[in-house]
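The lines below spell out each chain.
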Amino acid sequence: MKLESSSFENGGTIPKKFGYKNGNISPSLIINDIPESTKSLALIMDDPDAMGAVGKVWVHWVLWNIPTEITKINENSIPENSIEGETDFGEIGYGGPAPPDKEHTYIFKLYALDKVFDLSKGSTKKDLEILIKDHIVAEAKLTGKYAPQ
């Protein structure tokens, strides 16, 4: 399985408009090679570099029950019937990069899952990770860097 973006290159710089304090719009994501046994997809975007600044991995986006026929998630949108969770900003939906100290690397993790999950909107990354841990068929990762203004 592969996860890419038309908004930035893997390992490259995430444009400013996707930052929390700027446009705060989610980047375009392109999904390829989803395994046949997949029943749904889930996405987690987080910032492990936040550990040094705030003492934890900061959660920026949690999205699940993405239909398997989805090959592209457009900028500033989520696929129909997908459900978003709560970020560490205390909000539901996408919360863009907002490093408090220096450039951070943000990780978009895509999971192919063998079932659709009954998890309510506003659930957390931890809630999702507990449910999916025994149901992961495949994983893909995309990273991008973002520095404070």
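Preceding this section is the structure that the text describes.
J.: Which residues make up the pattern of salt bridges, and what are the values?
T.: Evaluated as defined, the whole model comprises six salt bridges. For Lys-2, the salt bridge goes to Glu-4, with nearest N and O atoms at 3.8 Å. Residue Lys-2 is classed as partly exposed on the basis of its relative accessible area of 42%. When the shortest N-O distance is used, the salt bridge between Lys-17 and Glu-75 registers 3.2 Å. Of this pair, Lys-17 sits in the loop between β2 (12–13) and β3 (29–32) while Glu-75 is found in the loop between β6 (72–73) and β7 (83–84), placing the two residues 58 residues apart along the sequence. Among the residues examined, Glu-75 registers a relative accessible area of 33% and is labelled partly exposed.

J.: Describe in detail the pairing of strand β9 (residues 136–146), supporting the description with residues and values.
T.: Direction of pairing for β2 relative to β9: parallel, over a ladder of two bridges. Counterpart to Gly-12 in the pairing with β9 is Gly-144. Relative to β9, strand β8 (residues 104–113) is paired through ten bridges, and the arrangement is antiparallel. Pairing of His-104 across the sheet is with Tyr-146, part of β9.

J.: Would you mind going over the packing of aromatic side chains in detail, with residue names and values included?
T.: Under the criterion given, the structure shown has four aromatic pairs. With centroids separated by 5.8 Å and ring planes inclined at 40 degrees, the aromatic side chains of Phe-8 and Phe-108 adopt a geometry described as tilted. You can see Phe-8 sitting in the loop between β1 (2–4) and β2 and its partner Phe-108 sitting in strand β8, a full 100 residues away along the chain. What makes Phe-108 buried here is its relative accessible area of 0%. Relative to Phe-89, the ring of Tyr-20 lies with its centre 3.7 Å away and its plane at 0 degrees, an arrangement referred to as stacked. On the criterion of sequence distance, the pair formed by Tyr-20 in the loop between β2 and β3 and Phe-89 in the loop between β7 and β8 is long-range, its members being 69 residues apart. Judged by relative accessible area, Phe-89 falls into the partly exposed class, the value being 23%. Between the NZ or CZ atom of Lys-16 and the centre of the ring of Tyr-146, over which it lies, the distance is 4.6 Å.

Analysis parameters
- Residues numbered from 1 in each chain as written.
- Predicted model: local features only at pLDDT ≥ 70, side-chain atom pairs only at ≥ 80, totals over all residues.
- Heavy atoms only, no water.
- Salt bridge = Lys/Arg side-chain N within 4 Å of Asp/Glu carboxyl O.
- Buried < 20%, exposed > 50% of the residue type's maximum accessible area, 1.4 Å probe, protein only.
- Helix = DSSP H or I, 4+ residues; strand = E, 2+ residues; numbered from the N terminus.
- Pairing = 2+ DSSP bridges.
- Phe/Tyr/Trp six-rings, centres within 6.5 Å; stacked < 30°, edge-to-face > 60°.
- Lys NZ or Arg CZ within 6 Å of the ring centre and 35° of its normal.

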